[in-house]
Amino acid sequence: MTTLHCLFRRIAAIAIALVALGATGLFAQEQPPVKAASPGQTTEEKVDQLLQLLGQDDVRALLAQKLATTGAEPPPQTASPSQLSDLDQWASKRREHLARIMADLPTMSSQIASASGRLGDAIRAYGPVIFLLHVLVLFGAGLAGGIVTNRIIVMHASRKNSGDISKYASAVVSRRLLPLFGYGLVATAMFLSIQWPPLLSAVLLPWLVMSILLPVLFAVSGLLRQVVGREASPRRDFWIVRWTWLATLAGFCWALLRTLENLGVPRDTLGLLSTGLVGLLFLLAGLWIWRRPGGDPGSERTRAIDVALIFCLIILFGLRLAGAGVLFWIGLYALVLPGLASTLGIAARKLATDIGGYSESDLRPVLAERGVRLAIVGTAIVWLIFLVRAHPDSLPDGALLTSIVVGVLHGALILLLADLIWIAIKSMIARRLELSVPAGDAMSGHSGGQPQDDRLLTILPILRNMLGIIIAAVAVMTALSELGVNIGPLLASAGIFGIAIGFGSQTLVKDIISGVFYMIDDAFRVGEYIQSGSYRGTVESFSIRSVKLRHHRGPIFTVPFGSLGAVENMSRDWSIDKFMVTVAFDTDIAKVKAITKEIGKALKEDPEFGPFLIETVKLKGVEHFGEYGMTLGFGMMLRAGGQSSVVRRKAYSMLKDAFAENDIQFASMTGAYPAARSAKRLEEEQGGDMEQPPEE
């Protein structure tokens, strides 16, 4: 409580200081200048006029007094407005504005009373009973239209499954906003159909608008509280409720000021009254800032932020009191817009996610969030540009500062639009990359997507980086142009600098151009296994000038495009794997062919290795005769994916087991010749016969 009293005392002290400043400006009025001589007078007429003035006693006495006090020095000349600095002129205008406010303060009550009298006269001329009846008919017809619209919506919704209307947003739109639309439509039609007097029509119109907008405001506020989450963010929910009430009071103040303006109250009196209403709203906002809840759970609340916010409100009220409307709106938007844009952006993203069933990273929720923020901030910037151009005297330093502020606002609007375009492009590319990821089994290694999807995985990241650079460069150049910077020399310098870079970095230019042509030729894609010279590995990613290859043993190579040369792609479409096996000279080829056929059938039916095969393993025949045996050739056609070595090892294992079961020997020095092998086999058979037990 003591703290609140101290706060009130500070606010009162600042208000007294501002009033004293206005009083000082009131008493510091300039003396009326001496009427200058007519340019048509001759020199003799001017001399006669001077002699006539010197012949007056009061003029001679004043002149003698001035000469005595100044030591016979000429009186100093006061600086003309053209000799004052722009800042001094701006401060002088603010003092004059405060002086006018102080002068209008005693007459404000009489002005409002006379306006009330004019309203009473207009009602009496129209007829009090008829006026009351028409007002009741106006708002009653609007209420009836809203009720009928609500009944139609309820009847239509009752015919459907109630489980379909599960979203609170749908309920708000159908049960609250649509009846308000019916109310506004019927009330507007009734207002236009009644022949009001001009004064009464101008008085009733603001209140009719408020009767339509306020229920919409409360409906949107309830939707925001439901979407944002009251339990998840109590501080944000607190401010949604308070800002709703502040907007309601501001709406009533606007309707009241419009009514008084239509009743003929002078603009200076309206400005004084609006300043008082703004002070009342700021006082409520300061109380709510001081009593606001702490941050999210786990965060520490500091009073320094509260004091800083209240001090900002006091400064804004001082600017409004001094008539610096442009600075007032700039400060107000800087104070309010971040929280408002953030809250509405979060609500738009959650609504798009829940209603459309999209993921958080999808394009539509991201565009909804950024679009709402751009709409809010863009509207504020456009309003500020209009104010600055309509009231250039509201800023110190005159035309220079006005052009700078307008340029900054234009630049901010351009950067916001560029940010929205960049976010949209980045989200679209990210979504397309997500859809283009191969959907095949990780163990199988083959891609479940189309070949063009693999190419998109290669090109889209490079395209995203290039578009980001282009958008950033264009946005910055346009913003500088709006600030009044001549970007022609910058572009010329950039061109000359680019030529110098091109001559000094020929290797870099070669890498970039080579990468472009590799992409055009579709030489390789992300995920493919390639070999170029001494580099081999799986393509992992690209940059503008290089490609990253992951070797099958783990190391990663970053190879510039200019150093690649001829590229051997081992993962494109299909591959044929051939391998050789050397067997003894007396091996039965037909038997080996039959065994190979059984092995190929088993490999094709294997759930682990079968998906890799297009054509299973086959015996091609005898490739050549060696010193110790003959070499048989085997081959198989596999899908792209770099799994040939895995299938080949499995085929080796199955061939070894099958050869052992069917007594097929691999080539060796001991079994190189058929005669030696036959003799050895005969000795083994004889030895076996000798070891057999005798028959009984």
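Calculation notes
Residues numbered from 1 in each chain as written. Predicted model: local features only at pLDDT ≥ 70, side-chain atom pairs only at ≥ 80, totals over all residues. Heavy atoms only, no water. Core = buried A, V, L, I, M, F, W, Y, C linked by side-chain atoms within 4.5 Å. Buried < 20%, exposed > 50% of the residue type's maximum accessible area, 1.4 Å probe, protein only. Helix = DSSP H or I, 4+ residues; strand = E, 2+ residues; numbered from the N terminus. Contact = heavy atoms within 4.5 Å. Pairing = 2+ DSSP bridges. Expected span 1.5 Å × (residues − 1). Arc of directions from axis to C-beta. Phe/Tyr/Trp six-rings, centres within 6.5 Å; stacked < 30°, edge-to-face > 60°.

Visitor: Before we move on, can you summarise the nonpolar core with the specific residues and values?
Guide: Counting residues in hydrophobic clusters, the biggest one holds 24 residues, and the most contacted among them are Phe579, Ile599, Leu603, Phe634 and Phe659. Residue assignment for this core shows that the elements contributing at least two residues are strand E6 (574–583), helix H18 (589–605), strand E7 (613–625), strand E8 (630–639) and helix H19 (644–661). If you tally residues by element for this core, the top one is H19, at six residues. Contacts of Phe579, omitting those with residues within four sequence positions, involve Val617, Leu632, Gly633, Phe634, Met636, Arg648, Ala651, Tyr652 and Leu655.

Visitor: Run through the sheet that holds strand E3 (residues 546–550), naming residues and quoting values.
Guide: The strand order E4-E3-E2-E1-E5 describes an open sheet built from five strands, whose pairing is antiparallel. Since the sheet does not close on itself, it has two edges, and those belong to strand E4 (556–560) and strand E5 (568–569), each with one partner. As defined by bridge partners, E3 adjoins E4 across five bridges and the pair is classed as antiparallel. Within the sheet, the bridge partner assigned to Val547 lies in E4 and is Val559.

Visitor: Run through H19, naming residues and quoting values.
Guide: Its 18 residues give H19 an end-to-end C-alpha distance of 26 Å, which sits within 8% of 26 Å, the value for a rise of 1.5 Å per residue. Listed in full, the buried residues belonging to H19 are Val647, Ala651, Met654, Leu655, Ala658 and Phe659. Projected down its long axis, H19 shows its buried positions confined to an angular sector of 130°, all on one face. Turned more than 90 degrees off the buried face of H19, the exposed positions are Arg649, Lys656 and Ala660. Of the surrounding elements, those touching the buried residues of H19 are E6, H18, E7 and E8. Looking one or two residues beyond H19, the residue adopting positive phi is Asp663, at roughly 55°.

Visitor: Account for the packing of aromatic side chains, naming residues and giving values.
Guide: Across all of its chains, the model carries 18 aromatic pairs by this definition. Ring geometry for Phe585 and Phe625: centres 6.3 Å apart, planes at 15°, overall stacked. With Phe585 in the loop between E6 and H18 and Phe625 in strand E7, this residue pair connects regions lying 40 residues apart in the sequence. Since its relative accessible area comes to 57%, Phe625 is described here as exposed.

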